[in-house]
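# Structure assessment
These are the residues of each chain, in order.
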Amino acid sequence: MKFKFEKLTIWQKAMDFGEEIFEMSSGFPKEEKYNLISQIRKASDSIALNISEGSIGQSNPEFKRFLGFAIRSLAEVVTCLHKSK
């Protein structure tokens, strides 16, 4: 059984993005394990999580609301990436 969100290209790309962030953040300094590493991984996971949650039995306005949450999580990842520089 496949869920609707598994067919969505945006969800698939969000899953790939999360894996890239996980790999990249593995190279961050160890003292950032409970700060920046944890934050950026949670935020990148939240992108796909919000897309999947919003797609299950929701109306279009509700799905758009969850896409908004996903975009906010993406902005959080971008901010973490700037901080990692």
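## Quick look at the overall build of the protein
- Check the secondary structure of the protein and you find three helices and zero strands.
- With respect to the principal axes defined by its C-alpha atoms, the protein has extents near 40 × 25 × 20 Å.
- The buried share among the 85 residues of the protein stands at 32%.
- If you take every contact in the protein between residues at least 6 apart in sequence, the share linking residues at least 24 apart comes to 61%.
- As displayed, the protein has an accessible area near 6000 Å², and 57% of this comes from carbon and sulfur atoms.
- In the protein, which carries 13 positive and 11 negative side-chain charges, the distance between the mean positions of the two groups comes to 4 Å.

## Here's the deal with a negative patch on the surface
- The grouping of D16, E19, E20, E23 and D45 at the surface amounts to a negative patch.
- With four residues, the single largest contributor to the negative patch is helix α1 (residues 9-25).

## Looking at the environment of M15
- Inspection of the secondary structure assignment puts M15 in helix α1.
- In this structure M15 comes out as partly exposed when scored by relative accessible area, which is 38%.

## What to know about the packing of aromatic side chains
- On inspection of all chains with the given rule, the structure shows three aromatic pairs.
- Summarising the aromatic geometry, the rings of F3 and F5 are spaced 5.4 Å apart at their centres and angled 10 degrees between planes, so their arrangement reads as stacked.
- For F3, a relative accessible area of 39% puts it in the partly exposed group.
- Ring geometry for F66 versus F69: centroids 5.4 Å apart, planes at 80 degrees, classification edge-to-face. A residue pair is termed a helical-turn pair when its members lie 3 or 4 positions apart in one helix, as F66 and F69 do in helix α3 (residues 60-84) at three residues.
- Pairwise contacts between aromatic rings join F3, F5 and W11 into one cluster.
- Sitting above the plane of the F63 ring, K4 keeps its charged end 5.9 Å from the centroid.
- Sitting above the plane of the F22 ring, R41 keeps its charged end 3.8 Å from the centroid.

## Describing the side chain of S73
- For S73, the position within the fold is in helix α3.
- Every residue in contact with S73, bar those within four places of it in the chain, is listed here: A43, S46, I47 and N50.

What counts, and at which threshold
- Residues numbered from 1 in each chain as written.
- Predicted model: local features only at pLDDT ≥ 70, side-chain atom pairs only at ≥ 80, totals over all residues.
- Heavy atoms only, no water.
- Helix = DSSP H or I, 4+ residues; strand = E, 2+ residues; numbered from the N terminus.
- Buried < 20%, exposed > 50% of the residue type's maximum accessible area, 1.4 Å probe, protein only.
- Contact = heavy atoms within 4.5 Å.
- Areas by Shrake-Rupley, 256 points an atom, 1.4 Å probe, with all protein chains shown as cover.
- Lys, Arg positive; Asp, Glu negative; His and termini not counted.
- Charge placed at Lys NZ, Arg CZ, Asp CG, Glu CD.
- Patch = residues over 30% accessible without salt bridge, like charges linked within 9 Å, V, L, I, M, F, W, Y side chains within 5 Å.
- Salt bridge = Lys/Arg side-chain N within 4 Å of Asp/Glu carboxyl O.
- Phe/Tyr/Trp six-rings, centres within 6.5 Å; stacked < 30°, edge-to-face > 60°.
- Lys NZ or Arg CZ within 6 Å of the ring centre and 35° of its normal.

So far we have only geometry, and geometry alone does not tell us how the molecule works.
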